Amino acid sequence: MRRLIAPVVCSLLLLPLAACGADDGGGAPPAGNPGVEADGDGDGDLAGAGVDTPAPPCPFTVDKITELVGQPMVDQSNCSFGDGNGVALLTITTASRIAGEATYDYQRQQATSTYRQVKDAGKGDKGYLAIKDIGAEAVVISNAGSYTVTLSSFQRLGATPDGYERTLRGLLDALPL
């Protein structure tokens, strides 16, 4: 009797899963960008407009980074630059505007628990600077895309109270926003 009950019970357990298949009742999103709605309020905010720019390329060469941070740097590929000693690191991550908008609030909230000071960047449409003794981070979103800039373990910058902020602001000023 148990041999008959087990397959029947298993079949009954799988029935609800099979019933949860795709709904062909016409509820599919319209053609185009699924899950992205048009900017119906006309405020020009592209975050929900379905119009997005691709992620911008790395905005700097190693020579420009060396100039901006005030010390020799080495290109480590993918918009990552190091001091050649495995200590100081500068990374720039680029993304589309919509991708930046989607993660901005979470990134800023995380920055408040990781960094000593978080304040508005005053660049782009939305952005912040986050600073601590051994590092800094900035996120800026504009029509050109979004940029996350991270500085870590620059001894020269940590020696002065505003070293990281001054350098980060110089990097943001040089971004093609």
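Residues numbered from 1 in each chain as written. Predicted model: local features only at pLDDT ≥ 70, side-chain atom pairs only at ≥ 80, totals over all residues. Heavy atoms only, no water.

**Q** For this particular structure, what's the right way to read the pairing of strand E5 (residues 126-132)?
**A** Along a regular strand, successive side chains alternate from one face of the sheet to the other. Burial analysis of E5 places five of its seven residues in the buried class, which makes it a mostly covered element. Two elements, strand E4 (residues 117-120) and E5, share four bridges in a ladder whose sense is antiparallel. Each residue of the ladder has a partner; that of Val-118, found in E5, is Ala-130. The hairpin formed by E4 and E5 contains five residues between the paired strands, and Gly-122 there has a positive phi angle of roughly 75°. Examined bridge by bridge, E5 and strand E6 (residues 135-142) share seven bridges and lie antiparallel to one another. Looking across to E6, one finds that Ile-131 is bridged to Ala-136. Counted between consecutive antiparallel strands, the loop separating E5 from E6 contains two residues. (Buried < 20%, exposed > 50% of the residue type's maximum accessible area, 1.4 Å probe, protein only. Helix = DSSP H or I, 4+ residues; strand = E, 2+ residues; numbered from the N terminus. Pairing = 2+ DSSP bridges.)

**Q** What is the right way to read the pattern of salt bridges from this model?
**A** Any two side chains of opposite charge can pair, on the condition that their charged atoms come close. What the rule picks out here adds up to ten salt bridges. Measuring nitrogen to oxygen at the nearest pair gives 3.0 Å for the salt bridge that ties Lys-119 to Glu-165. Taken together, the residues Lys-119 in strand E4 and Glu-165 in helix H5 (residues 163-174) connect sequence positions 46 residues apart. Exposure remark for Glu-165: the relative accessible area of 18% places this residue in the buried category. Of the charged contacts, one joins Asp-173 and Lys-123 as a salt bridge, the two residues approaching to 2.6 Å between their closest N and O atoms. (Salt bridge = Lys/Arg side-chain N within 4 Å of Asp/Glu carboxyl O.)

**Q** It is not clear to me how the sheet that holds E4 should be interpreted in this structure. Could you clarify?
**A** Strand pairing in a sheet is mediated by backbone hydrogen bonds. Such pairs are either parallel or antiparallel. Strand order in the open sheet formed by seven strands is E1-E2-E3-E7-E6-E5-E4, with antiparallel pairing between adjacent strands. Only two strands of the sheet have a single neighbouring strand rather than two, namely strand E1 (74-75) and E4. Pairing geometry for strand E3 (residues 89-95) and strand E7 (residues 145-152), over seven bridges, is antiparallel. In the sheet register, Leu-89 faces E7, and the bridge partner there is Ser-152. With respect to the sheet, helix H3 (residues 97-114) is in contact with E3, E4, E5, E6 and E7, its orientation differing from that of E5 by roughly 30°. (Contact = heavy atoms within 4.5 Å. Axes fitted to C-alpha atoms, helices over the stretch in contact; angles between N-to-C directions.)

**Q** When you look at H3 in this model, what are you seeing that I'm missing?
**A** Each α-helix winds once per 3.6 residues, and so residues spaced three or four apart point in a common direction. If you check H3, its first and last C-alpha atoms are 24 Å apart, about what 18 residues at 1.5 Å a residue would give, namely 26 Å. In H3, a bend of some 45° at Tyr-104 exceeds every other bend along the element. Of all the residues in H3, the buried ones are Arg-97, Gly-100, Glu-101, Tyr-104 and Ala-111. Elements in contact with the buried residues of H3: E3, E4, E5, E6 and E7. (Expected span 1.5 Å × (residues − 1). Bend = angle between axes of the 7 residues up to and from the residue.)

**Q** Where do I start with the state of the cysteines in this structure?
**A** Disulfide: a covalent bond connecting the sulfur atoms of a pair of cysteines. Across all of its chains, the model carries one disulfide by this definition. Two residues share a disulfide in this structure: Cys-58 and Cys-79, whose sulfurs sit 2.0 Å from each other. Around the S-S axis, the bridge from Cys-58 to Cys-79 shows a dihedral of about 65° and counts as right-handed. Of this pair, Cys-58 sits in the loop between helix H1 (2-19) and helix H2 (62-69) while Cys-79 is found in the loop between E1 and strand E2 (80-82), placing the two residues 21 residues apart along the sequence. We classify Cys-58 as partly exposed; its relative accessible area is 35%. Its relative accessible area of 8% is what places Cys-79 among the buried residues. (Disulfide = S-S within 2.5 Å.)

**Q** Hey, could you run me through the nonpolar core in this one?
**A** Grouped together as the largest cluster of nonpolar side chains are 25 residues, with contacts concentrated most on Ile-65, Leu-90, Leu-151 and Phe-154. Top contributing element to this core by residue count: H5, with four residues. Residues within four places of Phe-154 in sequence aside, it is in contact with Val-69, Gln-71, Met-73, Ala-88, Leu-89, Leu-90 and Tyr-164. (Core = buried A, V, L, I, M, F, W, Y, C linked by side-chain atoms within 4.5 Å.)

**Q** Explain the side chain of Arg-97 here, please?
**A** Looking at the element boundaries, Arg-97 is found in helix H3. Of note is the side chain of Arg-97, whose polar atom sits 3.3 Å from the backbone oxygen of Ser-142. (Polar contact = N/O pair within 3.5 Å; in protein donor to acceptor, adjacent residues only side chain to side chain.)

Geometric descriptors of this kind do not, in isolation, establish any biological role.
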